[in-house]
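Residues per chain are reported as follows:
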Amino acid sequence: MDNIFQGLNDKQIEAVRAIEGPVLVISGPGSGKTRCLTHRVAYLISQGIRPCEILGITFTNKAANEIKERVYNLLKIENRNLKIASATPMLGTFHSICLRILRREIPVLGYGSNFTIFDSDDQTGVVKRVMGDLEIDPKKFNPRAILAKISRLKTNLIFPEKFEPDDFFSKVVARVYGKYQTELKKMNGLDFDDLIVLTVKIFKQNPDILEKYQNVWKYILVDEYQDTSHDQYQLVTLLAQKHKNLFVIGDDAQSIYMFRDADIKNILNFQKDYPDAKVIFLEQNYRSTKNILAAAQNVISNNQSQVPKELWTENDHGEKILIREALNERDEAGFIIETMEDLTTQGYKINDFAILYRTHAQSRAIEEALITRGFPYQIVGGIKFYERREIKDMLAYLKVVSNPSDVVSFERIYNLPPRGIGSSTFQKIVKTEETNLISAVAALAAEMKGSRQGPGLEELAKLLKDLNSKKSVKLTELIKYIVRKTNYEDYLLNTFKKSGVADTVQDRIENIKELLTVAKKHDSLKNGDGIAIFLEEIALLQDADPTPISSADRHSEKGRGWYGAGNLKNINNRVVLMTAHSSKGLEFPIVFIAGMEEGLFPHSRSLIDPKELEEERRLCYVAITRAKKKLHISYAKYRHIFGSTEANLPSRFIGEMPGNVLDVRTSMSNFYTDDDEKIIKY
DNA sequence: CTGTCGTTTATTTTT
DNA sequence: TAAACGACAG
């Protein structure tokens with residue numbers, strides 16, 4: 001028992017012990033938020049609450065896994081006899097928890113329990129097809145914009161029948177939205193939003209079902225509450241309604257996903273929702289030096305709307321923050337690497353460094369410099385493993401096998417590799433499917449019987465039939481079979497041999513091997529269960545990572561490759577590069593923030609709207625507070641952007657840091673080249 | 001149906 | 001800059 005409170009400060013202990021009733025914890029960066037959460041779960045269990053009565057909700061799988069692991073560690077210390085397997089708390093993401101509920105309850109909405117999850121590419125595919133059917137010109141109305149609006153409506157629980165469009169664009173959206181939703185349902189597919197929204201819908205329409213879950217989860221914890229959207233807020237509210245043992249933790253100052261519909265009001269209004277809520281502030285920072293913390297506070301104090309709080313730390317003042325003006329992005333990269341080399345001789349290790357930037361595009365110049373200098377690095381984020389073409393191709397085949405109604409996946413594979421089937425034939429198949437209410441695969445078979453067809457169609461039908469009959473073989477065998485039967489490697493060779501710019505064919509084959517490694521876990525499952533579970537896992541695990549490759553490895557290959565979204569556990573002896581967004585929740589001894597320019601950070605698109613500007617400032621706050629020991633901020637006077645060179649002023653955020661933590665150096669390093677000289681003369 | 005060529009358009013993104 | 005998409009000729 002004593003162990004549970006060991007190493008916690010008074011406020012943290014208060015938060016851990018407040019078992020009954022609603023609790024709001026505002027936790028500043030580096031104030032031990034995860035610690036607080038995990039100790040609370042352990043404490044609940046030590047007080048005799050059954051683990052299965054506890055529901056912990058996070059936003060990322062990473063966070064969920066970390067909490068899980070740490071809770072188990074604590075519990076082992078607390079109670080060696082606890083049989084964890086027999087009773088574990090439910091810890092997961094919003095999406096994974098809803099998925100579980102839906103697998104059981106979704107039939108009340110008329111969907112089948114074996115629904116598949118559509119990722120954003122799939123969604124765009126559906127929207128485009130719907131727009132085609134409705135004869136809406138995709139040039140006049142950007143499908144992605146329409147999809148974004150649909151997603152926004154869904155998140156706010158505005159269903160197609162309830163949506164009252166007021167302007168011209170909304171009227172178009174309304175038409176697409178309704179049909180989009182019907183199409184999804186016809187394919188027995190749910191998009192990411194549906195996972196949450198439909199769960200809420202079921203709960204609202206079926207009080208008995210809701211009550212069942214209310215009685216299961218009597219103690220609810222929500223992490224990163226400032227990032228919840230309206231539907232997530234509704235879900236939490238409904239579940240907590242009966243027992244009101246709701247513990248939410250977050251930091252309004254770190255809300256950076258407003259653009260994705262996170263609603264900061266959820267955390268700001270918590271006390272209005274629950275007037276008897278206990279409110280606890282975690283203001284002691286254990287992470288950063290006084291200088292770093294002061295800079296962060298000064299920047300964020302320029303925001304109008306925020307919960308007032310006073311962060312403090314017992315840590316040293318540390319060194320002053322270094323601000324560096326570079327000539328251009330190459331010079332900036334040179335400065336970063338020069339500094340890192342310098343710090344390495346002072347005993348810092350390569351994995352002590354993180355380079356943060358506002359946009360992915362900025363990684364390029366830095367990567368090039370890192371490669372030249374032989375610095376191993378890893379980019380976190382970017383294109384995700386499961387969004388890669390070759391992976392999506394394989395998954396599309398599996399999806400068609402698993403759900404023959406999945407027209408979107410069928411669309412991807414019907415002519416892949418090219419087998420002489422064109423879009424008109426595809427359209428015909430879809431028509432047959434729609435009029436006869438049969439699956440795409442069945443429609444294909446019907447199409448065959450019709451008029452004389454090319455050999456391609458027959459080949460495809462045979463392939464799908466083959467695959468279907470192999471449903472119950474080991475998953476890895478099935479994938480290998482697909483690769484073999486489609487001559488996929490030849491296809492890759494034919495398609496990519498000339499473009500040296502994209503991933504090499506070898507890379508892509510490696511990626512498929514990586515996929516096989518992941519699939520292997522499910523080999524033991526029988527009767528095609530492996531496919532469904534595998535696809536589900538992938539749908540909810542968008543950030544999975546192939547084996548990281550160092551820049552040294554990469555150096556030997558030509559062209560730009562792509563280096564996997566990050567599983568930070570795998571990072572050793574690498575500098576990590578990532579966007580400020582991806583850095584949330586992480587910490588590093590040395591942090592570089594590159595591209596601190598007006599128009600880039602804050603981003604030009606945010607300058608018109610004060611709300612968006614405040615979000616940029618919070619993002620800057622997040623970036624600054626990642627640093628433990630040293631922070632380096634740089635900006636470039638000139639930057640190549642979309643092909644042309646632009647001159648930018650230093651970011652206003654730099655001006656918002658007080659003079660006493662700054663140490664500005666403006667001398668140019670010796671990294672600029674002839675090209676740069678030309679720019680100087682300009 | 002397929003490949004090529006010009007046009008267009010560029011944030012951030014836990015799932 | 002470069003990648004993604006649509007138009008069009010073969």
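Scroll up to find the structure.
Here the structure is a predicted model, which is why all the values come from computation and not from measurement. (Residues numbered from 1 in each chain as written. Chains lettered and ligands numbered in written order. Predicted model: local features only at pLDDT ≥ 70, side-chain atom pairs only at ≥ 80, totals over all residues. Heavy atoms only, no water.)

Quick word on empty space enclosed by the protein
Tallied over the entire structure, the rule returns four cavities of 30 Å³ or more. As for the largest cavity, its lining consists of Leu 37, Val 41, Gly 56, Ile 57, Thr 58, Ala 64, Ile 67, Leu 91, Gly 92, Leu 221, Val 222 and Asp 223. Listed by contribution, the elements that provide at least two residues to the lining of the largest cavity are helix H3 (33-46), strand E2 (54-58), helix H4 (61-78), strand E3 (90-93) and strand E6 (219-222). The leading source of residues in the lining of the largest cavity is E2, at three residues. Considered class by class, the residues forming the lining of the largest cavity number eight nonpolar, three polar and one charged. (1 Å grid on protein atoms, 1.4 Å probe; cavity = no way out; pocket = protein on both sides within 12 Å on 5 of 7 lines; lining within 4 Å. Points joined across faces, edges and corners; volume = space filled by probe spheres on them. Helix = DSSP H or I, 4+ residues; strand = E, 2+ residues; numbered from the N terminus. Nonpolar A, V, L, I, M, F, W, Y, C, P; charged D, E, K, R; others polar.)

Here's the deal with the nonpolar core
Nonpolar side chains tend toward joint burial in soluble globular proteins. In this structure, Leu 398, Phe 410, Ile 479 and Phe 534 are the most contacted members of the largest nonpolar core, which totals 68 residues. For this core, the element with the highest residue contribution is helix H17 (residues 389-402), accounting for eight residues. Sequence-distant contacts of Leu 398, that is, excluding residues within four places in its chain, are made with Leu 475, Leu 478, Ile 479, Ile 482, Ile 531, Phe 534 and Leu 535. Counting 48 residues, the second largest nonpolar core, distinct from the first, contains Ile 57, Ile 101, Ile 106 and Leu 246. (Core = buried A, V, L, I, M, F, W, Y, C linked by side-chain atoms within 4.5 Å. Buried < 20%, exposed > 50% of the residue type's maximum accessible area, 1.4 Å probe, protein only. Contact = heavy atoms within 4.5 Å.)

Some points on the packing of aromatic side chains
Inspection of every chain in the model, using the stated rule, returns 16 aromatic pairs. Measuring from centroid to centroid gives 5.4 Å for Tyr 488 and Tyr 491, while their planes differ by 45 degrees, and the two rings are tilted. With Tyr 488 and Tyr 491 both in helix H23 (residues 488-496), this residue pair falls three residues apart, about one helical turn. Exposure remark for Tyr 488: the relative accessible area of 0% places this residue in the buried category. Aromatic rings pair up to connect Phe 141, Phe 168 and Phe 169 into one cluster. The lysine or arginine in question, Arg 103, covers the ring of Phe 115, its NZ or CZ lying 4.1 Å from the ring centre. A cation over a ring is seen here: Lys 470 above Tyr 481, with NZ or CZ 4.8 Å from the ring centre. (Phe/Tyr/Trp six-rings, centres within 6.5 Å; stacked < 30°, edge-to-face > 60°. Lys NZ or Arg CZ within 6 Å of the ring centre and 35° of its normal.)

With respect to the protein's contact with DNA strand C
In the neighbourhood of DNA strand C, the contacting residues comprise Lys 139, Arg 364, Phe 642 and Gly 643. Of all DNA strand C atoms lying within 4 Å of any protein atom, the proportion belonging to sugar or phosphate reaches 50%. Here Arg 364 contributes a side-chain N or O atom positioned 2.8 Å from a phosphate oxygen of DNA strand C. Class assignment of the residues belonging to the surface near DNA strand C gives a composition of one nonpolar, one polar and two charged. (Near = heavy atom within 4 Å. Polar contact = N/O pair within 3.5 Å; in protein donor to acceptor, adjacent residues only side chain to side chain.)

Things to note about the pattern of salt bridges
In the structure shown here, the tally under the stated rule is 41 salt bridges. Two residues, Arg 364 and Glu 368, come together in a salt bridge whose shortest N-O distance is 3.3 Å. Of this pair, Arg 364 and Glu 368 both sit in helix H16 (residues 363-373), four residues apart, which is roughly one turn of the helix. What you see here is one network of salt bridges that share partners, running through Arg 129, Asp 133, Lys 179, Glu 183, Lys 186 and Glu 411. (Salt bridge = Lys/Arg side-chain N within 4 Å of Asp/Glu carboxyl O.)

Quick word on the environment of Tyr 348
Looking at where Tyr 348 falls in the secondary structure, it is placed in the loop between helix H15 (329-345) and strand E12 (353-357). Measuring from C-alpha to C-alpha, the distance between Tyr 348 and Ser 582 comes to 23 Å, with 234 residues separating the pair along the chain. Residues in contact with Tyr 348, not counting those within four places in the same chain, are Leu 343, Phe 353, Pro 589, Ile 590, Lys 629 and Lys 630.

So, the protein's contact with DNA strand B
If you check the shell around DNA strand B, you find 32 residues, and the closest are Tyr 257, Arg 358, Lys 384, Gly 422 and Thr 579. Within 4 Å of the protein, the contacting atoms of DNA strand B are 56% sugar and phosphate, with bases supplying the remainder. A distance of 2.5 Å is found between a base oxygen of DNA strand B and a side-chain nitrogen or oxygen belonging to Arg 358. Among the elements that take part in the surface near DNA strand B, helix H19 (residues 423-436) stands out by supplying three residues, more than any other. Per-class residue counts for the surface near DNA strand B are eight nonpolar, 16 polar and eight charged.

Observations concerning the sheet that holds E6
The six strands lie next to each other as E3-E2-E6-E7-E1-E8, forming an open sheet whose pairing is parallel. Looking along the sheet, the strands with just one partner apiece sit at the ends: E3 and strand E8 (278-282). Along the sheet, successive strands turn relative to each other by an average axial angle of 15 degrees, direction set aside. Here four bridges tie E2 to E3, and the two strands are oriented parallel to one another. Bridge assignment links Thr 58 to a residue of E3, and that residue is Thr 93. In the packing of helix H2 (residues 10-17) onto the sheet, the strands contacted are strand E1 (23-27), strand E7 (246-250) and E8, and the crossing angle to E8 comes to about 145 degrees. (Pairing = 2+ DSSP bridges. Axes fitted to C-alpha atoms, helices over the stretch in contact; angles between N-to-C directions.)

A few points about the side chain of Lys 399
Structurally, the position occupied by Lys 399 is in helix H17. Ignoring anything within four residues of it in the chain, the contact list for Lys 399 reads Ile 117, Asp 122, Asp 406, Ser 409 and Leu 535.

Details of the packing of helix H24 (residues 505-520) against helix H25 (residues 529-540)
Two numbers describe how H24 lies on H25: the axes approach to 10 Å, and their chain directions differ by 115 degrees. As for how H24 packs across H25, the hand of that crossing is right-handed. Residue-level contacts link Leu 515, Val 518 and Ala 519 of H24 to Phe 534, Glu 537 and Ile 538 of H25. Per-class residue counts for the contact of H24 with H25 are five nonpolar, no polar and one charged. (Left-handed = near helix turned anticlockwise from the far one by under 90°.)

So, the state of the cysteines
Under the definition given, this model contains zero disulfides. Summary of cysteine pairing: Cys 98 is not part of a disulfide, and the nearest cysteine sulfur, belonging to Cys 52, is at 19 Å. (Disulfide = S-S within 2.5 Å.)

Here we look at the layout of surface pockets
Here the second largest pocket is characterised by a volume of approximately 650 Å³. If you go around the second largest pocket, you meet 21 residues; those closest to its centre are Ala 361, Arg 639, His 640, Ile 641 and Phe 642. Of all the elements in the fold, those that place two or more residues in the lining of the second largest pocket are H15, H16 and strand E17 (638-641). For the lining of the second largest pocket, a count of residues per class yields five nonpolar, eight polar and eight charged.

A closer look at the packing of helix H5 (residues 94-105) against helix H10 (residues 207-216)
Close contact between H5 and H10 brings their axes to 13 Å; oriented N to C, the two are set at 135 degrees. By the criterion of interaxial angle, the relationship of H5 to H10 is oblique. Here the hand of the crossing between H5 and H10 comes out right-handed. Seen from H5, the contacting residues are Ile 101, Arg 104 and Glu 105; seen from H10, they are Ile 209, Lys 212 and Tyr 213. (Parallel < 35°, antiparallel > 145°, perpendicular 65-115°, else oblique.)

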